[in-house]
There are 4 protein chains.
Amino acid sequence: MISTAKASVLERFNAPLQLRDFSLPSRLESGAALVRTEMAGVCGTDVHLWKGELPITLPIILGHETVGRVEQLGEGLDRDWTGQPLLVGDRVTWTSATSCGQCYYCAEKNQPTRCPHRRAYGIGYRCDQAPHLLGGYAQFHYLQPRANIFKLADDLPTDSVIGAGCALNTAIHGLERTGIGWRDVVVVQGAGPVGIAALAVAKSAGAARVIVIGGPRHRLEMAKRFGADATIDLDELREPAARIEAARQLAGGYGADAVLECVGHPSAVVEGMEMCREGGKYLVLGHYCDAGPVPFNPHVITRKQLQVFGSWSSEPRHLKAALEFLGATRETFPFAAMVTHRFALEQANEALATTASWRSAKSVIVSAPSEAPGQPEHRH
Amino acid sequence: MISTAKASVLERFNAPLQLRDFSLPSRLESGAALVRTEMAGVCGTDVHLWKGELPITLPIILGHETVGRVEQLGEGLDRDWTGQPLLVGDRVTWTSATSCGQCYYCAEKNQPTRCPHRRAYGIGYRCDQAPHLLGGYAQFHYLQPRANIFKLADDLPTDSVIGAGCALNTAIHGLERTGIGWRDVVVVQGAGPVGIAALAVAKSAGAARVIVIGGPRHRLEMAKRFGADATIDLDELREPAARIEAARQLAGGYGADAVLECVGHPSAVVEGMEMCREGGKYLVLGHYCDAGPVPFNPHVITRKQLQVFGSWSSEPRHLKAALEFLGATRETFPFAAMVTHRFALEQANEALATTASWRSAKSVIVSAPSEAPGQPEHRH
Amino acid sequence: MISTAKASVLERFNAPLQLRDFSLPSRLESGAALVRTEMAGVCGTDVHLWKGELPITLPIILGHETVGRVEQLGEGLDRDWTGQPLLVGDRVTWTSATSCGQCYYCAEKNQPTRCPHRRAYGIGYRCDQAPHLLGGYAQFHYLQPRANIFKLADDLPTDSVIGAGCALNTAIHGLERTGIGWRDVVVVQGAGPVGIAALAVAKSAGAARVIVIGGPRHRLEMAKRFGADATIDLDELREPAARIEAARQLAGGYGADAVLECVGHPSAVVEGMEMCREGGKYLVLGHYCDAGPVPFNPHVITRKQLQVFGSWSSEPRHLKAALEFLGATRETFPFAAMVTHRFALEQANEALATTASWRSAKSVIVSAPSEAPGQPEHRH
Amino acid sequence: MISTAKASVLERFNAPLQLRDFSLPSRLESGAALVRTEMAGVCGTDVHLWKGELPITLPIILGHETVGRVEQLGEGLDRDWTGQPLLVGDRVTWTSATSCGQCYYCAEKNQPTRCPHRRAYGIGYRCDQAPHLLGGYAQFHYLQPRANIFKLADDLPTDSVIGAGCALNTAIHGLERTGIGWRDVVVVQGAGPVGIAALAVAKSAGAARVIVIGGPRHRLEMAKRFGADATIDLDELREPAARIEAARQLAGGYGADAVLECVGHPSAVVEGMEMCREGGKYLVLGHYCDAGPVPFNPHVITRKQLQVFGSWSSEPRHLKAALEFLGATRETFPFAAMVTHRFALEQANEALATTASWRSAKSVIVSAPSEAPGQPEHRH
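The sections below set out a description of the structure shown in this document. (Residues numbered from 1 in each chain as written. Chains lettered and ligands numbered in written order. Predicted model: local features only at pLDDT ≥ 70, side-chain atom pairs only at ≥ 80, totals over all residues. Heavy atoms only, no water.)

### Remarks on the overall build of chain A
Defined as follows: The way it works is that DSSP assigns letters per residue, a run of H or I at least four long becomes a helix, a run of E at least two long becomes a strand, and they are numbered from the N terminus. This radius of gyration counts C-alpha atoms alone. The globule rule is 2.2 Å times how many residues there are, raised to the power 0.38. Any residue under 20% of the maximum accessible area for its type is buried, any over 50% is exposed, and the rest in between are partly exposed; the area is computed with a 1.4 Å probe on protein chains only. Here a residue-residue contact requires only that any non-hydrogen atoms of the pair lie within 4.5 Å. For the area figures, the Shrake-Rupley method with a 1.4 Å probe applies, and any residue is considered shielded solely by the protein chains shown. Only four residue types enter the tally: Lys and Arg on the positive side, Asp and Glu on the negative side, with His and both chain ends excluded. Working definition for charges: the position is that of NZ of Lys, CZ of Arg, CG of Asp or CD of Glu.
Secondary structure summary: chain A contains ten helices and 17 strands in total. Relative to the globule expectation of 21 Å for 380 residues, the C-alpha radius of gyration of chain A, 21 Å, shows essentially globular dimensions. Principal axes of the C-alpha set define a box for chain A whose edges measure 65 × 45 × 40 Å. For chain A, with 380 residues in total, the buried portion stands at 63%. At a minimum sequence separation of 6, the contacts of chain A that also span at least 24 residues come to 69%. Of the roughly 13900 Å² that chain A leaves accessible, carbon and sulfur atoms contribute 49%. Across chain A, the mean location of the 38 positive side-chain charges is 2 Å away from that of the 39 negative side-chain charges.

Spelled out as structure tokens, the structure:
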């Protein structure tokens, strides 16, 4: 009988994560679940968290993109979010946060991702308080009552789910808000996980052409594998004006019907709006973190008659759609191939560093529970 | 037989307008019209034009808000935009610009206000070339073929039409793009003509409460006459943080469903977005002119999950709606009372100065054709 | 200590309701409440239920529009739906049904009114099983856990709330789905409670003109009190073709921008679509009951390029908006005046008959709890 | 010098078309063009026209789907609709009708396909009046001033354009109005040209699954070539209830997010609405002709909370999108393969009969101008 689990803990900003042991809960609350972690994605947000760029309280276990197998189910929990039976041993994933369903934003304004009661696994829970295991960089993960759990189809690889990560849900939500029209010409700013996901969603949502701006080169090559019709390499066109001109030309001369910002640098917003045609749409999707201000001229919004959208996180229905999409389009959008770098839990700091340096498309942590010491495939 | 018309001409930026004589056209083109000007509004944009803040070529006759009587009709012009018969002597107004109807923006993307072929009367036509009289600060106005002319209902005062001016059309278009929901709480930033018009349109479009932020005091009093549920005086709350807090409280604590920027200063955009509730809407309406950049953090758009809209000028159908609205709601929205300062054509510089100093709600120029020297009512 | 409550019970279709005594619950479930009924509206749906035209199981206590005072609160229930403190003695109303929040329709497709787990008070609960008191025609009403309870503002009369009844919520939801544009011309088919409510919502949502078609005359007079710009009397224009012609003329010649069906007879749908302009909107709102088929030519939908909307019941947020609207617009929309006929609980059959015969604008049942035998005002 | 052209003329309903000679215009109006016909599609509507089921005046030359080469250009016509240079010899197609751009429906309500001034080539013009040649079943076609002409890309086969025909434009417009959501499950009723086009547009607009209901079998096989995820054969499931059940199951149990009617029989509408999930969308697209009434219960629209859309014809921008789509997706959506039966102009009656009997996917008429007697490929 296992009674403790290892986890990689962020105790101080900008300092190495520490491997710690935590007690497993002796008893689950009604509606809760305990999951044996199989894979945790390393998200760019984890790097920001590690650097202290988001307002969180330490110590925490990082990891908000996780797949595992149900180890134990609390009383009354017998269905997943979609209504399928849920059993011990099922491979599952879940939304990182759960909205309350009853507040002003949930019930009245239909903005559940802005529910003030949300806290995200891997971000918003201290691990020095029970049930401790509320992040993905760990051997086990505790799922609280009302968690939105999704049983994974047998033929959907874990690599696909973690390769897509929260980026895909984020992109689905953001593009839903933006509304890609049939045969729209779309520019995606950024070729990281969110940019690649936005590309995939835009292509499958009816875009006639998608142009991806980013770097480094291996990411643009990944974008081409995902169907980018054209790419603009930041290392080749180093000036915003040159990129604006290139994007507009590639978009047919007038600019794109929709430009999707998946970068996170505020200057991208200034640059990207100029890539829109008049009356076009702009999505600010990459600004989950506060990267500070930039000189911006709001005249552009009036003059170009833009529609600008923001989108925060995602709802459970977006994760449901993401999982179905991943299963249905594995040939076209090879999200599993995004998992380029694998690490053991003990190597979490290397995993973070690889993500921070943009060397990987996606780094992941493959858990090796002590009692079942399988050899997780990895190359580091 | 009249053969010349006086006009007040902007020959050099920041220098007094000059009264000049121009030849009337000896013969109208097919589809054109000649109108004897009765009243021309002095718009805030005219002040910007005078200062050289918009990219125009001089000399021009200012005035893009005009009412007059048809003096002569070109061949084939016998109906107004709505299909009503049009006769010499009819009192009319018109859109300041005409879209081509056939370009990429007109025909394919349904953004006719961004038609590249548009030029606006009073802004975009040099007056040293025939037919010269393409602005409102003049005794006569030439209307080119395809102008969008509207015959005015007998019971609709000229003061209502000019009191509303282009601001009302602009607000109608902007609020159409934004979409005011039934029982929305709305904040209007600015109490000038555009702000007052946005207030009127928002109230009549279903807003539950409209809060107006602006000054000086006489403008806020005007806002109250137009039904503002609350006002915030810039002279009393001088700090953005205080105004944000006040607006949010007046809006019920979470912020407004929609915030409408009718100011033109870029800092208003930064301030105003913080007045939105999460998932709210923001309209950048006051930035017809380029007032330069401001430090702006795009994170707010993501974090608050905003929708931001820009809107440029207006379409003929907006003017049609405006005229019907003015006629139907004269008691509720006293646009005629906006005309607080009247000037003769010879006093155009004083009219401009009064608008520039925010002393008037709306200054107007009342033309006194030399051959019919009626006494225009004015107080300067 | 009260231990039983009287209720008027529908035991057999088309037979008189029977006054019965039911035990009050000895103990409330957590989250439940017991309310002392003050007023229950008699809805047209109650007449359909009484006639057996809806698929329900008897016996039931009718009444799904109710106001009462909190008698007792179950454990954990201390806030109303909006988050206000909830205390014994508070005057409250509630949604007739509660959605589950988790099913395919609630969580994935955002159609909570189509949640298969909904059952409505006064319609969907047998009263021969505890807790019995799940309808408004009774001295007490039991509110189950998760009921959507709204505390009423002190200055909002009970008559306003019941005068508006479920019709107002229904209209708010339906018009939200339809989307009334600013300055739209609207035709409302029907001058019963739903028609009057649709008129009020349309007027306050920006309609330029609202034309109401219905009868008998006293209902059209009520429509005029609510601001109808024109009315068409079914007793005067007895032929559909004549009404179509009249409505189109009153709407400006082309037909209405939106036509709102609030009748419930299928022939109204055929007639009403012809009242739409090309590209117009049509709302099928009155067909909560199945009134059978009608010969219908779908070519009209293609030819006129219509948008047709259905809307079922309402969400809690609509009730919240309704209560605020009632409070804010009492002068303009005198819903309290809809309560034209009052009955004691013992007179429930007369109340139903009055509604069935269209003699009342709205009949209500005023409860007279046995231990507090105040004299409810009524005239029958 | 050619001075006459042969055309196949509908002189009496239900009687054979007659081959007649017409004078070519001696001189083109400004802005007009003369085109040498290369291929004309035989649309199902042509069969309805031939049977007298649409309100037209005879004699007419049928054919509203046409490709040809510019023979002569009127003064001032030097650009196609997209702004490309237009020269004699260019291969072109065009919209069958032109809206006025200025009426209530064109300019005020943005419903140009309902412009009362539209008349369609091949439908609405008598050929016994000059310029006679206003239909596609002819050696030459006259294009009036303001016709919406599109130069065809060199690599876009004429077969693709005519194989898609007006059906594709119609589907694009209809699906634009309906709005296919990303990952929607869609049912298409009908496997004729409109159904196949709707399938192609739905797939490319983001549908997760498209289920096609129709027959005969060769049409369902064509649907599979176009990517149908499942088909329901009318010859196998002969009862509406069985088809409804099958469609709902194939759509996941609840019904489809959107059902697209591309049949033209009114009973399909009754059947199809039951295939929608609650809150789903229904498009009435196949009812260009009036096929009479059907017993219909509008309760379904309320109960299922449906949105129902009609769509009439298409706008020039839809044809532009169609041509780009055809060029970009020739592998995925083999519209050229729809052209299964080719006929000479002299065989127009056989072409009509083949279409009427549903033997062809698409029948076409290949013109063989007398002076260039090439051997048009055909198999009849």
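### Some details on the interface of chain A and chain B
Buried accessible area, meaning the area lost when the parts come together, often serves as the stated size of an interface. Operational definition: Buried area counts how much accessible surface, traced with a 1.4 Å probe, disappears from two parts once they are put together, with both parts' losses summed. Salt bridge criterion: a side-chain nitrogen from Lys or Arg within 4 Å of a carboxyl oxygen from Asp or Glu. Here a polar contact means two N or O atoms within 3.5 Å. Within protein one must be a hydrogen donor candidate and the other an acceptor candidate, and residues neighboring in sequence count only if both atoms are side-chain atoms. As a working rule, the residues Ala, Val, Leu, Ile, Met, Phe, Trp, Tyr, Cys and Pro are called nonpolar, Asp, Glu, Lys and Arg charged, and the rest polar, with Gly in that last group. Any two strands are treated as partners once DSSP identifies two or more bridges connecting them.
On the side of chain B, 41 residues touch chain A, which itself brings 41 residues to the contact. Summing both partners gives a buried area of about 3700 Å² for chain A against chain B, and 56% of it is carried by carbon and sulfur. For the pair chain A and chain B, the number of links is four salt bridges. With a closest N to O distance of 2.4 Å, E278 of chain B and R114 of chain A form a salt bridge. The tally of links from chain A across to chain B stands at 27 residue pairs in polar contact (both at pLDDT 80 or more). Elements that contribute at least two residues to the side of chain A that touches chain B include exactly α2 (104–108), α3 (158–178), α7 (266–273), β13 (276–284), β14 (294–296), α8 (299–303) and β15 (307–310) of chain A. Each residue belonging to the side of chain A that touches chain B can be placed in one class, and the counts come to 19 nonpolar, 13 polar and nine charged. When β15 of chain A meets strand β15 (residues 307–310) of chain B, the two strands line up antiparallel, connected through three bridges.

### Here we look at the relation of the copies chain A and chain B
Applicable threshold: Only residues with pLDDT of at least 70 in both copies contribute their C-alpha atoms to the least-squares superposition of the copies.
After a rotation of 180° and a shift along the axis of 0.0 Å, chain A superposes on chain B with an RMSD of 0.0 Å. This pairing of chains is accounted for by a two-fold axis.

### Digging into the sheet that holds strand β10 (residues 209–214) of chain C
Defined as follows: In this analysis an axis means a line fitted to C-alpha atoms, helices contributing only their contacting stretch, and an angle means the value between N-to-C directions, from 0 to 180 degrees.
Read across the sheet, twelve strands follow the order β11(C)-β10(C)-β9(C)-β12(C)-β13(C)-β15(C)-β15(D)-β13(D)-β12(D)-β9(D)-β10(D)-β11(D) without closing on themselves; strand pairing throughout is mixed. Every other strand in the sheet has two partners, leaving β11 (230–233) of chain C together with β11 (230–233) of chain D as the edge strands with one partner each. Here the average twist between neighbouring strands, direction ignored, is 15°. Of the strand pairs in this sheet, strand β9 (residues 185–189) of chain D and strand β10 (residues 209–214) of chain D are connected by five bridges, and their pairing is parallel. Each bridged residue has a counterpart across the sheet, and for V186 of chain D the counterpart in β10 of chain D is V210 of chain D. Helix α7 (residues 266–273) of chain C contacts β9 (185–189), β12 (256–261), β13 (276–284) and β15 (307–310) of chain C of the sheet and is inclined by roughly 160° relative to β13 of chain C. Most of the contacts of helix α5 (residues 217–225) of chain D go to β11 of chain D, to which it runs at about 170°, and overall it touches β10 and β11 of chain D.

### Digging into the pairing of strand β3 (residues 33–42) of chain C
Residues and elements named next belong to chain C. Counting buried positions over the ten residues of β3 gives nine, a clear majority of the element. For β3 and strand β7 (residues 140–143), the ladder comprises four bridges, and the chain directions are antiparallel. Looking across to β7, one finds that R36 is bridged to F140. Where β3 meets strand β5 (residues 66–73), seven bridges bridge the pair, whose relative direction is antiparallel. Within β5, the residue paired with M39 across the bridge is V67. Where β3 meets strand β17 (residues 362–366), four bridges bridge the pair, whose relative direction is antiparallel. Within β17, the residue paired with M39 across the bridge is V366.

### Section: the nonpolar core
All names here are of chain A. Rules: Side-chain atoms within 4.5 Å are what join buried Ala, Val, Leu, Ile, Met, Phe, Trp, Tyr and Cys residues into a set we call a nonpolar core.
Membership of the largest hydrophobic core comes to 55 residues, with the highest contact counts inside it found for L168, L175, V186, V212, F226, L260 and F335. Ranked by the residues each element gives to this core, the list is headed by α3, at eight residues. Leave out the neighbours within four places in its chain, and L260 touches L175, T178, V186, V187, V188, Q189, A198, A202 and L283.

### Some details on the packing of aromatic side chains
To keep it simple, the criterion reads: Side-chain rings of Phe, Tyr and Trp, where Trp is taken by its six-membered ring, are said to pair if the distance between their centres is within 6.5 Å; with planes under 30 degrees apart they count as stacked, over 60 as edge-to-face, and otherwise as tilted. Ring-over charges, as used throughout, are those where CZ of Arg or NZ of Lys falls within 6 Å of the ring centre and within 35 degrees of the ring normal.
For the structure shown, the criterion picks out 42 aromatic pairs over all chains. On the basis of an interplanar angle of 20° and a centroid distance of 4.4 Å, the ring pair of Y288 of chain B and W312 of chain B is categorised as stacked. Highlighted residues: Y288 of chain B in the loop between β13 (276–284) and β14 (294–296) and W312 of chain B in the loop between β15 and α9 (316–328), separated in sequence by 24 residues. By relative accessible area, Y288 of chain B is classed as partly exposed at 26%. When its relative accessible area of 14% is taken as the criterion, W312 of chain B is described as buried. Put simply, the rings of W182 of chain A together with F226, F325, F333 and F335 of chain D touch in pairs and so form one group of aromatic residues. Looking at R114 of chain A, its charged tip hangs above the ring of W312 of chain A, at a distance of 4.9 Å from the centre. Of note, R219 of chain C hangs over the ring of W358 of chain C, and the distance from its end group to the ring centre comes to 5.1 Å.

### What about the relation of the copies chain D and chain B?
The transformation that overlays chain D on chain B combines an axial shift of 0.0 Å with a rotation of 180°, and the residual RMSD is 0.0 Å. When the interface residues of chain D are mapped onto chain B, 100% of them again fall at the interface, so both copies present the same face.

### Considerations on the packing of α3 of chain A against helix α9 (residues 316–328) of chain A
The relative placement of two packed helices comes down to the angle between their axes together with the axis-to-axis distance. All names here are of chain A. Stated precisely, the cut-off is as follows: Oblique is the label for any angle not covered by the other classes, which are roughly parallel (under 35 degrees), roughly antiparallel (over 145) and roughly perpendicular (65 to 115). By definition, any crossing whose near helix is turned counterclockwise from its far helix by less than a right angle is left-handed, and any crossing with a clockwise turn is right-handed.
At a minimum axis distance of 9 Å, the contact between α3 and α9 shows a crossing angle of 125°. One element, α3, and the other, α9, form an angle in the oblique class. The element α3 and its partner α9 pack so that their crossing is right-handed. Contacts between α3 and α9 pair S160, V161, A164, L168, N169, I172, H173 and E176 from the former with R317, H318, L319, A321, A322, L323, F325 and L326 from the latter.

### Digging into helix α6 (residues 240–250) of chain A
Residues and elements named next belong to chain A. Note the cut-off: What the arc covers is the set of directions going from the helix axis to the C-beta atoms.
Listed in full, the buried residues belonging to α6 are R243, I244, A246 and A247. In an axial view of α6, the angular spread of the buried residues amounts to 165°, which keeps them on one side of the axis. As for α6, its buried residues are in contact with β9 (185–189), β10 (209–214), β11 (230–233) and α7. In the segment just after α6, G252 is the residue with positive phi, at about 110°.

### Some details on the sheet that holds β13 of chain B
Pairing is mixed in the open sheet, where twelve strands are placed in the order β11(A)-β10(A)-β9(A)-β12(A)-β13(A)-β15(A)-β15(B)-β13(B)-β12(B)-β9(B)-β10(B)-β11(B). The open sheet has two free edges, formed respectively by β11 of chain A together with β11 (230–233) of chain B, since each of these has just one partner strand. Within this sheet the neighbouring strands show an average axis-to-axis angle of 15°, counted without direction.

### Some thoughts on the pattern of salt bridges
Throughout the structure, instances matching the rule amount to 84 salt bridges over all chains. In this structure, E108 of chain D engages K320 of chain B in a salt bridge whose closest nitrogen and oxygen atoms are separated by 2.8 Å. In this pair, E108 of chain D sits in helix α2 (residues 104–108) while K320 of chain B sits in helix α9, so the two residues belong to two different chains. The residue E71 of chain C makes a salt bridge to R36 of chain C at a minimum N-O spacing of 3.0 Å. A residue pair is termed long-range when its members are at least 10 positions apart, and E71 of chain C in strand β5 and R36 of chain C in strand β3 qualify at 35 residues. E71 of chain C gets classed as partly exposed once you look at its relative accessible area, which sits at 30%. One salt-bridge network, in which partners are shared between bridges, spans E108 of chain A together with K320 and E324 of chain C.

### Notes on the interface of chain D and chain B
At the interface, seven residues of chain D touch seven residues of chain B. Carbon and sulfur atoms make up 44% of the area that chain D and chain B hide from each other, which totals about 680 Å². At the boundary of chain D with chain B, the tally comes to two salt bridges. Between chain D and chain B we count two residue pairs in polar contact (both at pLDDT 80 or more) in total. Secondary-structure elements contributing two or more residues to the side of chain D that touches chain B are α2 and α9 (316–328) of chain D. Tallied by class, the residues present in the side of chain D that touches chain B amount to two nonpolar, two polar and three charged.

### Considering unusual backbone geometry
The residue after A130 of chain B, namely P131 of chain B, is reached through a cis peptide bond having omega 5°. If you trace the backbone, P131 of chain B turns up in the loop between α2 (104–108) and β7 (140–143). Across the junction of L58 of chain D and P59 of chain D, the peptide omega takes the value 0°, indicating a cis bond. The phi torsion at N14 of chain B lies on the positive side, around 65°, for a residue other than glycine. Residue placement: N14 of chain B occurs in the loop between β1 (4–10) and β2 (18–23).

### Some details on α9 of chain D
Residues spaced three or four apart along an α-helix face the same direction, because each turn holds 3.6 residues. Stated formally: Multiplying 1.5 Å by the residue count of a helix minus one yields the expected span of that helix.
In this model α9 of chain D runs 19 Å from its N-terminal to its C-terminal C-alpha over 13 residues, within 8% of the 18 Å that 1.5 Å per residue would give. For α9 of chain D, the set of buried residues is P316, H318, L319, K320, A321, A322, L323, F325 and L326 of chain D. The inward-facing, buried residues of α9 of chain D contact α2 of chain B together with β6 (91–94), β8 (149–151), α3 (158–178) and α4 (193–204) of chain D.

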